[in-house]
Amino acid sequence: MSVRVRFAPSPTGLLHVGALRTVLFDYLFARGRGGVNILRIEDTDRTRYNPDSEAEFVETLRWVGIDFDEGPHIGGPHAPYRQSERKEAGIYAREIQKLLDNGSAYKAFDTSEELDEMRELQQINKMATGYFGGKWRDATPAEVADAEGEGKAYVIRLKIPRDKTIVLHDLIRGRVEWDSNVIDDPVLIKADGMPTYHFAAMVDDHLMGITHILRGEEWIPSAPKHIALFEAFGWTPPIFVHCPVIVGKDGKKLSKRHGATRVLDYAAQGFMPQSLKNFIALIGWSPGEDREVLTEEELISLFDLDRLQPSPGRFDLEKLQWLSGHAIRALPTEELLDKVIDFVAFDYAREFHQAEVSEEEGGSAEMEKRMARWASLELLAARAKMDRSFALQCVTLEQERVTTLADFGEACEFFLVDQPRMDPKAVEKWFGQPHVPKLFDAIVAHCESGQDCSVAGFEQLLRTFQTENEIDKLGPIVHPTRVALTGKTFGPGLFELMNVLGPARIVARIHSAKSLIGLN
RNA sequence: GGCCCGGUCGUCUAGUGGUUAGGAUGCUGCCCUUUCAAGGCGGAGGUCGCGGGUUCAAGUCCCGUCCGGGCUACCA
């Protein structure tokens, strides 16, 4: 039987990294087995419905490079793929009738006040809370008819069999069992006629021929209800795969406190999809053989449900950063520049860098940083348009020094502006030495006299200056020059950087450096 | 409270009765070098949550225990 899996988010908000991991596994598993990957929207809760959510899912998944074979956006043999539409099509009404007819579901007319009261009583008596029958599980047809006649609202519940052992065979955790007497009767159809998750998801999984249900481990406690439901229908359940969750640094559920949770925020911060996928896949799964840096193809061919781990994993941003830097270094420079240009054209990245930043994420200081970063990124993209080969040289020189696409703006900034921002500490440290004025003059003279401005030419210039002035190390020559030209004490090789900058910019910068120390 | 899941260096992990418990990240030292990176080579970091058992032999099997997490809605 060929593999059919589904990602079934409920459209209540953003697509976060925890959910991404589940879809990633779906996708990797389906693609590696020549299977089918399905997107289904579980919009059965009208109160929490968010109309922008589905577009967010589709957009995010497209960015990350996870595609589907069937779904609301592309159709398919089991359409519709939105549960609200499936409800309108009468699918759930048809299926629930089967259960009502065979006696495994019943109508319950309890009011929410009555249910609250029941739970309160159960808590006081330290009993398990839940609906274990009430007066409606075994009500006579006459009682039900009366209540319906009075026009009372009702829900339809599943009649969980009593005195049985319900067994879950989970692919990751093995056999898990429950005494059916501790499982309460779940609502299948709400009073408004909408199905609950329990009902809609399982009915759809069966109807759509889903072979493996991949979902978060928070679903384990409701698995017995789902198994009982399949039994009530007489259907064979799919294989359950309860994936471990991703948690924050403190072992608690991932939240804003731990950094970005929205997948698109990682896109906006300049991480490339492949790095994110590589990183996320490695939480809870490993290919063995100590392999970690994997291409898309390797991920797909190596991925296997058998190697999933049961324990929750923490989200380690530093490892993502390493993977990201690694991916950037592996890219041919032409391609890398294109990615940077695309990144600057990416609407959400711009919005992210220009948006208000909440206090817990760093407040106005962080916001200023982001805006500055974005400004320098736009400068780079603009330059690339006018003079691609210049931008390419800048990117090449910074390639091994950055971890995300977003880092290129700041890294390349000194190449792009008229006058770089000077680090006052660097100025103080390196401009005071006695040979510096003479050094600056030598550089200006070299540039103005049209001498060799290749990498080797600049190297020779500075090395000659060193020997002529009997300075025992190259550092005292390189550092002041670097500060004068870039404003910083770190960056690409000086000779390479001078070569890219060219004589005109060098002369201008040396002049302003001189005026900074009162020499002009 | 009840039910369920989990527990190997800080973190991600390899490991399915016999290994000096391996790799990666992070930290750190050295090399390279004009700086910062990158790269190369090292180092520290683990009483495999704890206690019992089974066994010649236990991270691996069994029991107990502790800690962490989840669920306990007409949310998903």
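To start, this report covers the structure provided alongside it. Being a predicted model, the structure only gives us computed values, none of them experimental. (Residues numbered from 1 in each chain as written. Chains lettered and ligands numbered in written order. Predicted model: local features only at pLDDT ≥ 70, side-chain atom pairs only at ≥ 80, totals over all residues. Heavy atoms only, no water.)

1. Some details on helix α14 (residues 347–354)
Side chains that are three or four residues apart share a direction in an α-helix, a result of its 3.6 residues per turn. Restricting attention to buried positions, one finds in α14 the residues Y348, A349, F352 and H353. Relative to the axis of α14, the buried residues are bounded by an arc of 130° and lie together on one face. Looking at the buried residues of α14, the elements they touch are α9 (263–268), α13 (333–344) and α15 (363–386). (Buried < 20%, exposed > 50% of the residue type's maximum accessible area, 1.4 Å probe, protein only. Helix = DSSP H or I, 4+ residues; strand = E, 2+ residues; numbered from the N terminus. Arc of directions from axis to C-beta. Contact = heavy atoms within 4.5 Å.)

2. Re unusual backbone geometry
Going from A79 to P80, the amide bond is cis rather than trans, its omega being 0°. Here P80 shows up in the loop between α2 (53–64) and α3 (83–88). In this model, D163 sits at a positive phi of 55°, which is unusual for a non-glycine residue. Tracing the chain through its elements places D163 in the loop between β4 (155–158) and β5 (165–170). At E470, a residue that is not glycine, the phi angle is positive and equals roughly 50°.

3. Thoughts on the protein's contact with RNA strand B
As a structural note, the neighbourhood of RNA strand B is formed by 60 residues, with R173, G284, E292, E400 and G491 the closest of them. Backbone atoms, meaning sugar and phosphate, form 71% of the atoms of RNA strand B found within 4 Å of the protein. Contacts to RNA strand B include T129, whose side-chain N or O atom sits 2.8 Å from a sugar or linking oxygen. Within the contact set of RNA strand B, a sugar or linking oxygen lies 2.6 Å away from a side-chain nitrogen or oxygen of R173. Going through the elements one at a time, α5 (112–124), β4, β6 (174–179), β11 (313–314), α12 (317–330), α21 (475–486) and α22 (494–516) are the ones with two or more residues in the surface near RNA strand B. The greatest single-element share of the surface near RNA strand B, amounting to four residues, is contributed by α12. Of the residues contributing to the surface near RNA strand B, the split by class is 21 nonpolar, 14 polar and 25 charged. (Near = heavy atom within 4 Å. Polar contact = N/O pair within 3.5 Å; in protein donor to acceptor, adjacent residues only side chain to side chain. Nonpolar A, V, L, I, M, F, W, Y, C, P; charged D, E, K, R; others polar.)

4. Some thoughts on the nonpolar core
Among the nonpolar cores identified, the biggest contains 113 residues, and L276 and F415 are the most heavily contacted of them. Each residue touching F415, except ones within four places of it in the same chain, is listed here: F390, C394, L397, L497, V500, L501, R505 and R509. If you look at the next biggest cluster of nonpolar residues, it comprises 36 residues, including Y92, I160, F199 and I213. (Core = buried A, V, L, I, M, F, W, Y, C linked by side-chain atoms within 4.5 Å.)

5. As for the packing of helix α16 (residues 388–398) against α22
When two helices pack together, their arrangement is given by the angle between the helix axes and by the axis-to-axis distance. In contact at an axis separation of 9 Å, α16 and α22 are set at 145° when each is read in the N-to-C sense. For the pair α16 and α22, the sense of crossing is left-handed. Listed contacts from α22 to F390, Q393, C394 and L397 of α16 are E496, L497, N499, V500 and R505. Among the residues forming the contact of α16 with α22, the class breakdown is five nonpolar, two polar and two charged. (Axes fitted to C-alpha atoms, helices over the stretch in contact; angles between N-to-C directions. Left-handed = near helix turned anticlockwise from the far one by under 90°.)

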